[in-house]
Amino acid sequence: MNDAILETQDLTKRFGARVAVDRLSLCVERGDVFGFLGPNGAGKTTTIRMVTGLIRPNRGRIVVGGVRLRRHRRRALAKVGALVETPAFYPHLSALNNLAAFGSLSRRVTRAELDETLDLVGLLGRGADKVRAYSHGMKQRLGIACALLPRPELLVLDEPSDGLDPRGIKEVRDLIVSLARELDVTVFISSHILSEVEQMCTRLAIIDHGRLVKQGAIAELRGPEPVVTFGLDRVAEAKALLEKQLGLSVLSSDEAELRLKLAHERIADVNAALVRAGHRVHAIVPEQQSLEDLFLELTEKSIL
Amino acid sequence: MRFLRALKYELVKNLRKKRTFWAFVAIAALVSILLTAYTATRWNPVTYYAKGLGGVRRALVMKAVDECANGALFATLFMGLLSFALLPVLAVAFGGELISSEIQLGTLRTALTRPVTRLGYYTTKYAYAAIITLGFVLFTALFTYGLGVAFLGRGPLLAPAAFLRPSFAAQFSGVTQPLSEQTAFVRYLVAYLLVALAVMTMTTLSLTLSTVVKHTGAAMIIAISLYFILHILTMTPWLESWRPYLFVSKMDYWVPVFTADPPSGEIWRTVAYFAVYNAALFAVGLAVFLRRDIQC
């Protein structure tokens with residue numbers, strides 16, 4: 001049984017001649033903390049705006065919890081809480097009044113619910129303060145509270161750590177992880193901070209130039225093979241040897257080392273080949289491929 | 001219920017803006033200045049118009065205004081000025097920011113990710129625009145009348161329709177039927193309700209413009225410019241044939257309410273005219289809003 005909370009099929013958006021999102025098909029399953037990655041201008045925010053009903057796709061469809069967004073906008077969006085780009089509020093109103101104003105658009109919201117939601121994001125004591133007095137981090141928290149108020153099944157967060165200091169980033173990250181766990185809400189989060197996504201997400205999709213490059217569980221995407229760093233001399237020659245004679249693909253190299261994906265059982269063979277060719281290998285370091293490596297590998301391939 | 005709830009918060013969030021308070025203060029201040037000018041110098045728009053009249057008629061107008069001065073006359077004499085210059089400007093200032101300020105703040109983005117239809121959201125904005133317009137008009141009406149009565153006393157109203165429209169003033173013969181105080185007050189309120197409908201057209205125009213432009217100021221400037229440009233066009237002789245289609249030419253359609261026998265047929269036709277204008281402008285604004293990609 002398909003347990004997707006969000007599906008997009010062939011989603012396409014053009015702005016004039018420019019194709020911002022190109023036949024994008026995503027599947028976010030219930031319970032995921034789903035990372036949505038891509039370089040700047042890749043189409044992340046455009047996709048999120050389509051998913052939240054702010055802009056209309058030229059083609060394709062969006063299904064939220066089994067409900068088609070275009071046909072049943074209200075029913076579909078009732079399942080979604082969203083924070084798109086920077087949080088925006090009425091500066092002359094208190095946090096409580098802001099939450100009530102936005103909350104009232106969907107349903108009747110009680111004071112107890114408002115307090116509870118503010119408590120979730122650690123702003124309970126500051127509810128009566130006007131938003132103009134809030135720091136950027138507090139606004140971000142309030143934005144998340146606002147997205148949580150309709151008690152959504154899917155929480156869509158667009159760059160929630162944008163503009164925050166390292167402490168703020170950690171606070172927001174911890175908040176998202178705890179919300180996903182405690183409220184049993186599926187989180188769809190776009191970010192270009194890879195370490196953040198790596199620490200939070202269970203599955204992810206990478207897009208570039210509006211196209212899906214890859215999606216799946218992080219462990220699956222990384223693959224079983226570790227990235228092995230060889231510290232050695234004459235790196236250029238070694239690279240040629242590995243690529244031409246052994247048919248391996250070198251991920252990156254510099255003056256003193258090269259990196260490639262390699263199964264554990266082949267490390268010794270490669271080392272022997274290098275030594276036979278006269279290279280002095282002084283270090284072999286196998287490590288799990290980082291998300292950064294994966295991202296760079298996939299987006300560079302997509303450019304090529 | 002959903003609509004009323006949304007409307008309630010629309011009112012809460014807008015009425016808590018300082019500019020709303022200052023708008024009411026501005027109305028009160030302007031009316032107070034006009035009262036001061038009137039009591040000190042007997043200056044008013046009618047005697048100003050009367051300068052253009054012939055000697056006898058002019059003298060009659062001045063005498064009538066002088067002898068029948070009371071709160072009702074003061075309020076009625078200045079109705080034209082307030083409904084032509086002040087209320088449309090306020091309507092534009094408040095209607096023009098309804099959507100564009102949400103775009104500028106980014107709150108439109110937050111609002112439209114909620115399970116709300118764009119039709120519902122736009123209708124809520126329109127309802128708020130109607131309420132605030134009616135609020136400004138009724139406050140102006142009651143404050144002007146109240147202040148006039150407080151300083152100039154009560155009494156019957158010398159039917160001043162002949163004064164208020166230059167074409168009527170030209171026919172002024174000095175024979176006017178005074179309206180009793182009670183009748184005058186009812187007619188005065190009816191006239192201001194008609195003003196509200198005319199001013200609402202300006203509000204709807206600026207609301208429509210605010211769906212098109214991103215900046216609050218731009219919507220207001222375009223709307224107010226259009227208002228005055230259209231006025232100028234209605235005064236241009238070679239555009240005489242356009243007049244019936246330009247709503248600004250009918251902004252003073254409330255004037256005959258003060259005649260002894262108001263032409264109800266003509267008034268109702270103009271009410272329908274403004275209703276159609278409002279509906280058309282609303283439909284255009286809604287069509288733009290429904291199709292618009294929210295990129296803010």
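Attention here is on the structure that accompanies the text. (Residues numbered from 1 in each chain as written. Chains lettered and ligands numbered in written order. Predicted model: local features only at pLDDT ≥ 70, side-chain atom pairs only at ≥ 80, totals over all residues.)

Focus: the overall build of chain B
Cut-off, in case you're wondering: In this text, helices come from DSSP runs of H or I with a minimum length of four residues, and strands from runs of E with a minimum of two, each type numbered from the N-terminal end. Working definition of burial: number of other C-beta atoms within 10 Å of the residue's own, with buried at 20 or more, exposed at 12 or fewer, and partly exposed in between, all C-beta atoms being placed from the backbone. Note on contacts: residues are paired as contacts if their backbone-placed C-beta atoms lie within 7 Å.
Looking only at helices and strands, one finds 14 helices and 2 strands in chain B. Evaluated residue by residue, chain B yields a buried proportion of 42% over its 296 residues. Put simply, 78% of the contacts in chain B that link residues at least 6 apart link residues at least 24 apart.

Overview of the sheet that holds strand E11 (residues 227-232) of chain A
Residue and element names in this part refer to chain A. Heads up, the rule is: Two strands are counted as paired when DSSP detects at least two bridges linking them. Here an angle of 0 to 180 degrees is reported between the N-to-C directions of two axes, which are lines fitted to C-alpha atoms, with helices fitted over the stretch in contact.
Reading across from one edge, E12-E13-E11-E14 is the order of the 4 strands in this open sheet, with antiparallel pairing throughout. On the outer flanks of this sheet lie strand E12 (250-253) and strand E14 (281-287), each paired with one strand and no other. Taken over all neighbouring pairs, the strand axes of this sheet differ in orientation by 20° on average, direction set aside. Sheet topology places E11 next to E14; 6 bridges connect them, and they run antiparallel. By the bridge assignment, Gly231 is partnered in E14 with Ala283. Relative to the sheet, helix H10 (residues 267-276) contacts E11 and E14, its axis offset from that of E14 by approximately 160°.

What about the packing of helix H9 (residues 118-152) of chain B against helix H12 (residues 181-212) of chain B?
Residues and elements named next belong to chain B. Selection rule: Here a crossing is called left-handed whenever its near helix is offset anticlockwise from the far helix by less than a right angle, and right-handed whenever the offset is clockwise. Residues are grouped as follows: nonpolar covers Ala, Val, Leu, Ile, Met, Phe, Trp, Tyr, Cys and Pro; charged covers Asp, Glu, Lys and Arg; every other residue, Gly included, is treated as polar.
Between H9 and H12, whose axes approach to 9 Å, the crossing angle comes to 140°. Relative to H12, the crossing made by H9 is right-handed. Along its contact with H9, which presents Lys125, Tyr126, Ala129, Ala130, Thr133, Leu134, Val137, Leu138, Ala141 and Tyr145, the element H12 presents Tyr188, Leu189, Tyr192, Val195, Ala196, Val199, Met200, Thr203 and Leu207. Its residues placed into classes, the contact of H9 with H12 shows 16 nonpolar, 2 polar and 1 charged.

Some points on helix H6 (residues 79-95) of chain B
Owing to its 3.6 residues per turn, the α-helix aligns residues three or four sequence positions apart on the same side. All names here are of chain B. Our working definition: Here the bend at each residue means the angle between axes fitted to two seven-residue stretches, the one ending at that residue and the one beginning there.
A maximum bend of about 30° is found in H6 at Leu87, where proline Pro88 lies one to four positions downstream. Taken across its 17 residues, H6 has 12 buried, putting it largely inside the fold. Turning to H6, its buried residues number three or more, namely Met79, Gly80, Leu82, Ser83, Leu87, Pro88, Leu90, Ala91, Val92, Ala93, Phe94 and Gly95.

Comments concerning the nonpolar core
Basically, it comes down to this: For this entry, the nonpolar core is defined as buried Ala, Val, Leu, Ile, Met, Phe, Trp, Tyr and Cys residues connected by C-beta atoms within 7 Å.
Counting 148 residues, the largest nonpolar core has A:Ala145, A:Val187 and B:Val195 as its most contacted members. The greatest single-element share of this core, amounting to 15 residues, is contributed by H12(B). When sequence neighbours within four positions are dropped, the list of residues in contact with A:Ala145 reads A:Leu99, A:Thr117, A:Leu118, A:Leu120, A:Val121 and A:Leu123. Listed in part, the 11 residues of the second largest apolar core include A:Val228, A:Leu232, A:Ala238 and A:Leu242.

A word on the sheet that holds strand E2 (residues 18-29) of chain A
To summarise the sheet geometry, strands pair through backbone hydrogen bonds and adopt either a parallel or an antiparallel arrangement. Residues and elements named next belong to chain A. What the 4 strands build is an open sheet, ordered E2-E1-E4-E5; its pairing is antiparallel. At either end of the open sheet lies a strand with only one pairing partner, and these are E2 and strand E5 (67-68). Direction of pairing for strand E1 (residues 4-15) relative to strand E4 (residues 59-64): antiparallel, over a ladder of 5 bridges. Bridging across to E4, Thr8 finds its partner in Ile62. Sitting on the sheet, helix H1 (residues 44-51) is in contact with E1, E2 and E4, with an inclination near 120° to E1.

Some remarks on the environment of A:Leu54
Mapped onto the secondary structure, A:Leu54 falls in the loop between H1 and E4. Put simply, A:Leu54 and A:Gly137 are 83 residues apart on the chain and 25 Å apart in space, counted from C-alpha to C-alpha. For A:Leu54, the residues in contact, after removing those within four places along its chain, are A:Arg49, A:Val84, B:Arg109, B:Leu112, B:Thr113 and B:Ile294.

Description of the packing of helix H2 (residues 18-41) of chain B against H9(B)
Residue and element names in this part refer to chain B. Viewed as axis vectors pointing N to C, H2 and H9 meet at an angle of 35°, and their least axial separation amounts to 10 Å. Considering only the axes of H2 and H9, their crossing is right-handed. The residues of H9 that touch H2, namely those facing Ala23, Phe24, Ile27, Ala28, Val31, Ser32, Leu35 and Thr39, are Phe136, Phe139, Thr140, Phe143, Thr144, Leu147, Gly148 and Phe151. Class assignment for the residues of the contact of H2 with H9 results in 11 nonpolar, 5 polar and no charged.

Notes on the pairing of strand E3 (residues 33-37) of chain A
Residues and elements named next belong to chain A. In terms of burial, E3 is a largely internal element, 5 of the 5 residues being buried. The alternating pattern of E3 places Val33, Gly35 and Leu37 on one face and Phe34 and Phe36 on the opposite face, and all of these are buried. Inspection of the sheet shows E3 paired to strand E8 (residues 186-191) by 5 bridges, in the parallel sense. Residue pairing for E8: Leu37 is matched across the bridge by Ser191.

Observations regarding the interface of chain B and chain A
Of the residues lining the interface, 21 residues belong to chain B; the matching set on chain A comes to 28 residues. Class assignment for the residues of the side of chain B that touches chain A results in 9 nonpolar, 5 polar and 7 charged.

As for the environment of A:Val177
Residue and element names in this part refer to chain A. Among the secondary structure elements, Val177 is positioned in helix H6 (residues 166-182). Classification of Val177 by C-beta neighbours within 10 Å gives partly exposed; the count is 15. Along the backbone, Val177 and Val33 are 144 residues apart, and their C-alpha atoms lie at a distance of 8.2 Å.

Brief notes about helix H14 (residues 264-291) of chain B
Residues and elements named next belong to chain B. Note the threshold: To estimate the expected span of a helix, count its residues, drop one, and scale the result by 1.5 Å.
End to end, H14 covers 40 Å across 28 residues, agreeing with the expected 40 Å (1.5 Å per residue, within 8%). Along H14, the residues that are buried comprise Phe274, Asn278, Leu281, Gly285 and Phe289. Close packing links the buried residues of H14 with H9 and H12.

Examining the environment of A:Asp10
Residue and element names in this part refer to chain A. In this fold, Asp10 is placed in strand E1. We classify Asp10 as exposed; it has 12 C-beta atoms within 10 Å. C-alpha of Asp10 to C-alpha of Asp293: the two residues are 283 residues apart in sequence and 28 Å apart in space. Not counting the four nearest positions on each side in its chain, Asp10 is found in contact with Arg23, Ser25, Arg59 and Gly60.

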